[in-house]
Amino acid sequence: MKTKKLLVLCLILIVAFSVSIFSKPLKIGFSQIGAESAWRTAETESMKATAEELGVDLKFSDAQGKQENQIKAIRSFIAQKVDGIILAPVVETGWEPVLREAKRAKIPVVLVDRGIKVSDPSLYVTLIASDFVFEGEEAGKWLVKKMNKKGNIVELQGTPGAAPAIDRKKGFASIIKKYPNMKIIKSQTGNFNRADGKQVMEAFLKAEGKKINAVYAHNDDMALGAIQAIEEAGMKPGKDIIVVSIDGVKGAFEAMVDGKLNCTVECNPLLGPLAFQAIKDALAGKKLKKWIKQNDEVFPMEVAEDVMPSRKY
Ligand code: GYE
């Protein structure tokens, strides 16, 4: 009898405890990199919309492209005793100290869209992101076919030190180097934004002029900037110079329909639902895969018009 009573009491306590945790809205901090591209804006919207749908109390912080601001945001989330942290890390390195602080405070950290390099994998729950090496390889394979295995390419890289910049360069180069008549004649960062993409392309055109047969941009925004530079130089993007990029944002599809962009490899930014689910799973003690990989498709301009209406970002 005594043990039965004790059991009932325990049960009541467990239920009361669970109700107290789960009835108040989850407080989650999201440290976003900035708003350098249409892709990132789509990701921010996905996070905010999902938080609203789920009734999550979202603390949103825009780091204006600076890691130090992200570190400050994470510290402030810890001080506010959030239930979980979602981090889109601007660069791969330099996260260990602040993530150790989050771990000490028992706050699960979910990485979205970009990976990091840490010696202790327990510092984050999971990474929800695309395979950037694969995306670079796909862009390379498509270009090899389009260029008939020969020609000169210029490359617009993403932000220095960012996982998608490093891996998209690596994946692309691994394909191109198999073809001795294909050459990457220039490669420079355009910081994942349109204005820098345009400016760097202008410099490339000044230096190499008509030698350039193709542009490979690590994201659509830089490709759209490059397209403008090509037009201003009196050439036809998509015809005189082939343009291929990554992300698959609306602006890219519009440029493909206009015949100015030849191909985009998609990269899914709609990570809100998966990110909040991952935090909930971590809080419930579930073990998650270290990388929840997103699958991406290649969209050449020939399919753009048909596909465009079904695009969600
Ligand atoms: O491709 C680009 C950006 O991290 C995957 O960041 C993301 C990249 C995306 O700003 O447009």
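The present account deals with the structure reproduced in this document.

What counts as what
Residues numbered from 1 in each chain as written. Predicted model: local features only at pLDDT ≥ 70, side-chain atom pairs only at ≥ 80, totals over all residues. Heavy atoms only, no water. Near = heavy atom within 4 Å. Polar contact = N/O pair within 3.5 Å; in protein donor to acceptor, adjacent residues only side chain to side chain. Areas by Shrake-Rupley, 256 points an atom, 1.4 Å probe, with all protein chains shown as cover. Helix = DSSP H or I, 4+ residues; strand = E, 2+ residues; numbered from the N terminus. Nonpolar A, V, L, I, M, F, W, Y, C, P; charged D, E, K, R; others polar. Core = buried A, V, L, I, M, F, W, Y, C linked by side-chain atoms within 4.5 Å. Buried < 20%, exposed > 50% of the residue type's maximum accessible area, 1.4 Å probe, protein only. Contact = heavy atoms within 4.5 Å. Phe/Tyr/Trp six-rings, centres within 6.5 Å; stacked < 30°, edge-to-face > 60°. Lys NZ or Arg CZ within 6 Å of the ring centre and 35° of its normal.

**Digging into the site of the ligand**
Thinking step 1. Close to the ligand lie 13 residues; Glu36, Ser37, Asp113, Arg114 and Asp247 are nearest.
Thinking step 2. Within the side chain of Ser37, an N or O atom sits 2.8 Å from an oxygen atom of the ligand.
Thinking step 3. In the environment of the ligand, an oxygen atom lies 2.6 Å from a nitrogen or oxygen atom belonging to the side chain of Asp113.
Thinking step 4. Look at the ligand: alone it shows 300 Å² of surface, and the protein chains cover 100% of it.
Thinking step 5. Elements with a contribution of two residues or more to the shell around the ligand: helix 2 (38-54) and helix 6 (163-176).
Thinking step 6. Grouping the amino acids of the shell around the ligand by side-chain chemistry returns 5 nonpolar, 2 polar and 6 charged.

**Things to note about the nonpolar core**
Thinking step 1. If you look at the biggest cluster of nonpolar residues, it comprises 54 residues, and the most contacted ones within it are Leu143, Ile153, Met201 and Val215.
Thinking step 2. Of the residues forming this core, the biggest block, 7 residues, is contributed by helix 8 (residues 220-232).
Thinking step 3. Aside from chain neighbours lying at most four places away, what touches Val215 is Val154, Leu156, Met201, Ala226, Ile230, Ile241, Ile242, Val243 and Val244.
Thinking step 4. Core analysis: the second largest hydrophobic core is formed by 44 residues, Leu87, Ile107, Phe276 and Ala278 among them.

**Description of the packing of aromatic side chains**
Thinking step 1. Following the criterion strictly, the structure yields 3 aromatic pairs and no others.
Thinking step 2. With centroids separated by 5.7 Å and ring planes inclined at 55°, the aromatic side chains of Phe30 and Phe60 adopt a geometry described as tilted. You can see Phe30 sitting in strand 1 (residues 27-32) and its partner Phe60 sitting in strand 2 (residues 57-62), a full 30 residues away along the chain.
Thinking step 3. Take Phe30: its relative accessible area is 0%, and that puts it in the buried class.
Thinking step 4. With a centroid separation of 3.8 Å and 15° between ring planes, the pair formed by Phe172 and Tyr216 is classed as stacked. Here the residue Phe172 occupies a position in helix 6, and Tyr216 occupies one in strand 8 (residues 214-217), the gap between them amounting to 44 residues.
Thinking step 5. Judged by relative accessible area, which is 0%, Tyr216 ranks as buried.
Thinking step 6. Here the guanidinium or amino end of Lys290 rests over the ring plane of Tyr124, the centre of that ring lying 4.7 Å away.
Thinking step 7. Here the guanidinium or amino end of Lys293 rests over the ring plane of Trp291, the centre of that ring lying 4.7 Å away.

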